[in-house]
Amino acid sequence: ENFPSDGVLKFRRAQLSCLTTAELISLLKPPVFQDVHVMIFIGFGFLMTFLKKYGFSSVGINLLLAAFGLQWGLLMQGVWHMDHGKIKVDVFKMINADFSTATVLISFGAVLGKTSPVQLLIMTILEITIFSINEHLVANILSANDVGASMIIHAFGAYFGLAVARVLYRPGLRNGHENDGSVYHSDLFAMIGTVFLWMFWPSFNSAIAEPGFVQLTAVINTYLSLAACVLSAYAISSLVEHKGKLDMVRLQCCCLKKMLKIIFQTAKTVKLFLCICHLHRYTFKTPHWPVELQWERALT
C-alpha cells in the first residue's frame, strides 16, 4: 500500500535520467553530511568546554564560527569550481564547507579564552581563505591529499592555531593563568564532545572518498582504529596514573589523537592493497541494489 504508483515511478525515472553521475551520487550523501554536521556543531562545541571558565563561550562561539564559516567556506571553495560564472551548491560542496569550518574550530582550541568573538570572526575569514588556497594547491595541483584529508584539515588547523597563539602570546602568562585548567563538569562536557566526534569520525573520513571499495575501506580503517585507540588509551592511562585512576583529559586527547596518526596512512594502505589485487588479478564483488533502485529509494 505504501509503494509509489507506476506513474510516480516513471516520473522519478524521468527526473533521474536528466541528472549527471555526480548528481546521482550526491543523492546518497545527505546521511554522511548530517554526521559531519553533528561533529562540527556538537562534537567540537562540547569538546571546547575543557576550560573551567569558558563553557558558555565554547559552545556559543563555536556555533557562531561554524555558522559563519560554512557560508564563507562555500563562497571561497566555489571560486575554484565555478560553472559558467556561477557557484553551484550540492551536498559535496556543503561537506567541504563543513571541512573548512573544522579547521577553524581546531584552531579555536588553541586560542580559547584569549580572543574576542570579533577577533575569532576575523581569524575565520583569514583561515578559510588560506585553507581554500591550500586545499586547491595540495589536492588539485600536487595530488598529495589522503582519504580523510588529515593533512589539509587537521594539520593545517593545528599549525594555524599555533601561529595565531604565538602572535597573541604575552610574556606575562609564561607561568600560566588561574583559569587555565579544568574542573569536574568541564571534563564531563568535554568528554561528551569527544564521544560525538568518536562516533561520527568514520563518516567524516569517508565523506569525500570515491563511492565503493575506497569509501568502504576508509570506513573500516577508521572504525577499527577508533576502537583500538580507546583500548590503548584506557590501558596506558590506568598504568601511568596514581592508583590506576583514569585521567579524563588524557583520554579525551588519546582517543582521537592516536587515530589521526593512523589516518595519514589510510590512502597509502588503500593504494598498496589495490596494486597487490591488480597484480594478482583479484576481483572483489559486493552485493548491491540496482542503481536505479538506489536513486528511487534516495528520493522517497
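Residues numbered from 1 in each chain as written. Predicted model: local features only at pLDDT ≥ 70, side-chain atom pairs only at ≥ 80, totals over all residues. Heavy atoms only, no water.

Caption draft 1: Up close: helix α8 (residues 184-206). The terminal C-alpha atoms of α8, which comprises 23 residues, lie 34 Å apart, in line with the 33 Å expected from a rise of 1.5 Å per residue. If you look at α8, its biggest bend is around 50 degrees, right at Phe200, and the proline Pro202 turns up within four residues after that. (Helix = DSSP H or I, 4+ residues; strand = E, 2+ residues; numbered from the N terminus. Expected span 1.5 Å × (residues − 1). Bend = angle between axes of the 7 residues up to and from the residue.)

Caption draft 2: Structural view of helix α5 (residues 91-108). Across its 18 residues, α5 extends 25 Å between first and last C-alpha, which sits within 8% of the 26 Å expected from 1.5 Å per residue. Taken across its 18 residues, α5 has 14 buried, putting it largely inside the fold. N-capping of α5 is provided by Asp90, with a side-chain oxygen placed 3.3 Å from the backbone N of Phe92. (Buried < 20%, exposed > 50% of the residue type's maximum accessible area, 1.4 Å probe, protein only. Polar contact = N/O pair within 3.5 Å; in protein donor to acceptor, adjacent residues only side chain to side chain.)

Caption draft 3: Spatial organisation of the packing of α8 against helix α9 (residues 213-240). Interhelical geometry of α8 versus α9 gives an angle of 155 degrees and a closest axis separation of 6 Å. On the basis of their axis angle, the class for α8 and α9 is roughly antiparallel. When α8 is examined against α9, the residues Met191, Trp198, Trp201, Pro202, Asn205 and Ser206 are found in contact with a partner set consisting of Gln215, Ala218, Val219, Thr222, Tyr223, Leu226, Ala227, Val230 and Tyr234. (Axes fitted to C-alpha atoms, helices over the stretch in contact; angles between N-to-C directions. Parallel < 35°, antiparallel > 145°, perpendicular 65-115°, else oblique. Contact = heavy atoms within 4.5 Å.)

Caption draft 4: Fine view of the UniProt feature "transmembrane region" (unreviewed entry) in the protein. In this structure's numbering, the residues bearing the UniProt feature "transmembrane region" (unreviewed entry) are residues 32-51, 63-82, 94-113, 120-139, 151-169, 181-201 and 213-236. The distance from the first to the last C-alpha atom of residues 63-82 is 28 Å, and the span holds 85% helix and 0% strand. Within residues 151-169, the helical portion is 89% and the strand portion 0%, while the C-alpha atoms at the span's ends are 26 Å from each other. (UniProt positions renumbered as here; feature names shortened; annotations may be inferred.)

Caption draft 5: Quick look at the environment of Asp180. Tracing the sequence through the fold places Asp180 in the loop between α7 (150-167) and α8. You can call Asp180 exposed: its relative accessible area is 57%. For the pair Asp180 and Gly113, spaced 67 residues apart in sequence, the C-alpha to C-alpha distance is 8.7 Å.

Caption draft 6: Just unusual backbone geometry, in detail. Located in the positive-phi region is Ser143, a residue other than glycine, with phi close to 50 degrees. As for its position among the elements, Ser143 is in the loop between α6 (117-141) and α7. On the accessibility criterion, Ser143 (52% relative accessible area) is exposed.

Caption draft 7: Geometry of a nonpolar patch on the surface. A cluster of nonpolar side chains, Leu75, Val79, Trp80, Met82, Ile87, Val89 and Ile133, forms an exposed patch at the surface whose accessible area comes to about 610 Å². When you line up the elements, Ile87 lands in the loop between α4 (55-79) and α5. (Patch = residues over 30% accessible without salt bridge, like charges linked within 9 Å, V, L, I, M, F, W, Y side chains within 5 Å. Areas by Shrake-Rupley, 256 points an atom, 1.4 Å probe, with all protein chains shown as cover. Salt bridge = Lys/Arg side-chain N within 4 Å of Asp/Glu carboxyl O.)

Caption draft 8: Summary view of the packing of aromatic side chains. Enumeration according to the criterion identifies six aromatic pairs in this entry. With a centroid separation of 6.1 Å and an interplanar angle of 55 degrees, the aromatic rings of Trp201 and Phe204 are classed as tilted. Taken together, the residues Trp201 and Phe204, both in helix α8 and three residues apart, mark about one turn of the helix. The structure contains a cluster of three or more aromatic residues connected by ring pairs, namely Phe99, Trp201 and Phe204. (Phe/Tyr/Trp six-rings, centres within 6.5 Å; stacked < 30°, edge-to-face > 60°.)

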